[in-house]
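A look at the structure
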Amino acid sequence: ARVIRPRLADAAFFWDSDRKKSLDDRRESLRDVVYQRDLGSVFDKSQRVGRLATWVARELDADTATVERAAALAQCDRVTGMVGEFPDLQGTMGRYYAISDGEPEAVADAIAEHYLPRFAGDVLPESAAGQMLAVADKLDTLAGVFSIGKKPSGNRDPFGLRRAALGIVRILIECGIDIDLKAMIERAVAEQPEGKAAPAELCSELYAFISERLRRYFLDRDSGLGTETFEAVMVRQPASLVDFDRRLAAVQTF
């Protein structure tokens, strides 16, 4: 109790003081938070993610307003006292502050869900807006880090790109998001600041990197799946991972 009481008192203090300023009012402060030297500020990243997530929503004939609003606010809890003190609450506090600000519940849920899955085997976003935002955020991270030549090598993966790619694979397949992956990669690459790699080269590198995670995903999911079965479908490079999943099942059944 001696340890917990002061922590709870801190949390109550931050909760009260943070709510004097809405998440929306904190957006400009994100310009002062560096995301990555060559990729700009957290504000810049949130703008890119917002444009990509809105494009995804349009492609799927989904509600763009919720995704746009959630993308604009998704990183704002980073500059609150609560998340400064308790970094693990990022996303969770974003949701509570959004509700406190009177934002729609769908926006608040998407803010919390856009970090999912945080680790292997973690739950996936439940809401459509959360799924689209999570995919856009992870793909922007991949495209950005690849564009500045910092892709993973050996066991080193300081940006968690393998985890991000697997997250994209899981969300697209398990949530049934039928979208052209190559077109989405092209959009994400086009949004990046001028990087070192040529866009076409970058797109094929990213597609190959995500395909590697796709192979692992299917082989882990089904121990009876032969590598040659996977390769037979991979040769066709299906545009949608939902389509890929169906083709793989059909080839196995055959």
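Being a predicted model, the structure only gives us computed values, none of them experimental.

For the structure on display, the rule yields 21 salt bridges. In this structure, Arg69 engages Asp24 in a salt bridge whose closest nitrogen and oxygen atoms are separated by 3.5 Å. Of this pair, Arg69 sits in helix 3 (residues 64-73) while Asp24 sits in the loop between helix 1 (4-18) and strand 1 (34-36); the two residues are 45 residues apart in sequence, bridging distant segments of the chain. A residue is classified by how much of its surface remains accessible, and Asp24, at 32% relative accessible area, is partly exposed. Linking Arg95 and Asp109 is a salt bridge whose minimum nitrogen-to-oxygen distance equals 2.8 Å. Of this pair, Arg95 sits in helix 5 (residues 92-100) while Asp109 sits in helix 6 (residues 105-113), and the two are 14 residues apart along the sequence.

Now for the side chain of Thr80. For Thr80, the position within the fold is in the loop between helix 3 and helix 4 (81-85). Residue classification places Thr80 among the buried positions, given a relative accessible area of 5%. Separated by 2.7 Å, the side chain of Thr80 and the backbone oxygen of Asp77 make a polar contact. Once residues within four sequence positions are removed from consideration, Thr80 is found in contact with Asp18, Arg26 and Tyr97.

The topology assignment puts Arg170 in helix 8 (residues 161-174). Its relative accessible area of 14% is what places Arg170 among the buried residues. Within polar-contact distance, the side chain of Arg170 engages the backbone oxygen of Asp122 at 2.9 Å. With near-sequence residues (within four places) excluded, Arg170 lies in contact with Pro117, Gly121, Asp122, Leu124, Cys175 and Tyr217.

For the rest of this paragraph, the subject is unusual backbone geometry. For the bond running from Leu116 to Pro117, omega is -15°, close enough to zero to count as cis. Position of Pro117 among the secondary structure elements: in the loop between helix 6 and helix 7 (128-147). Its identity as a non-glycine residue notwithstanding, Gln237 has a phi of 40°, on the positive side. Along the chain, Gln237 falls in the loop between helix 11 (227-234) and helix 12 (241-253). On the basis of relative accessibility, which here comes to 36%, the residue Gln237 falls in the partly exposed class.

Attention shifts here to helix 2 (residues 42-59). For an α-helix the count is 3.6 residues per turn, leaving residues at separations of three or four pointing the same way. For helix 2, with 18 residues, the first-to-last C-alpha span of 26 Å sits near the 26 Å given by 1.5 Å per residue. Of all 18 residues that make up helix 2, 13 are buried, and the element is covered over most of its length. The residue sitting at the N-terminus of helix 2 and contributing the capping side-chain oxygen is Ser41; that oxygen lies 3.3 Å from the backbone nitrogen of Phe43.

The next subject is a negative patch on the surface. Together, Glu59, Asp61, Asp180 and Glu186 give the surface a local cluster of negative charge. Assignment of secondary structure puts Asp180 in the loop between helix 8 and helix 9 (181-191). Classification of Asp180 by relative accessible area gives partly exposed; the value is 32%.

Where helix 9 meets helix 10 (residues 199-221), the axes come as close as 10 Å, and the angle between the chain directions of the two elements is 130°. As far as their axial angle goes, helix 10 and helix 9 are oblique. Taken as a pair, helix 9 and helix 10 cross one another with a handedness that is right-handed. The residues of helix 10 that touch helix 9, namely those facing Leu181, Lys182, Ile185, Glu186 and Val189, are Pro199, Leu202, Cys203, Leu206, Tyr207 and Ile210.

Quick notes on the rules
Residues numbered from 1 in each chain as written. Predicted model: local features only at pLDDT ≥ 70, side-chain atom pairs only at ≥ 80, totals over all residues. Heavy atoms only, no water. Salt bridge = Lys/Arg side-chain N within 4 Å of Asp/Glu carboxyl O. Helix = DSSP H or I, 4+ residues; strand = E, 2+ residues; numbered from the N terminus. Buried < 20%, exposed > 50% of the residue type's maximum accessible area, 1.4 Å probe, protein only. Polar contact = N/O pair within 3.5 Å; in protein donor to acceptor, adjacent residues only side chain to side chain. Contact = heavy atoms within 4.5 Å. Expected span 1.5 Å × (residues − 1). Patch = residues over 30% accessible without salt bridge, like charges linked within 9 Å, V, L, I, M, F, W, Y side chains within 5 Å. Areas by Shrake-Rupley, 256 points an atom, 1.4 Å probe, with all protein chains shown as cover. Lys, Arg positive; Asp, Glu negative; His and termini not counted. Charge placed at Lys NZ, Arg CZ, Asp CG, Glu CD. Axes fitted to C-alpha atoms, helices over the stretch in contact; angles between N-to-C directions. Parallel < 35°, antiparallel > 145°, perpendicular 65-115°, else oblique. Left-handed = near helix turned anticlockwise from the far one by under 90°.

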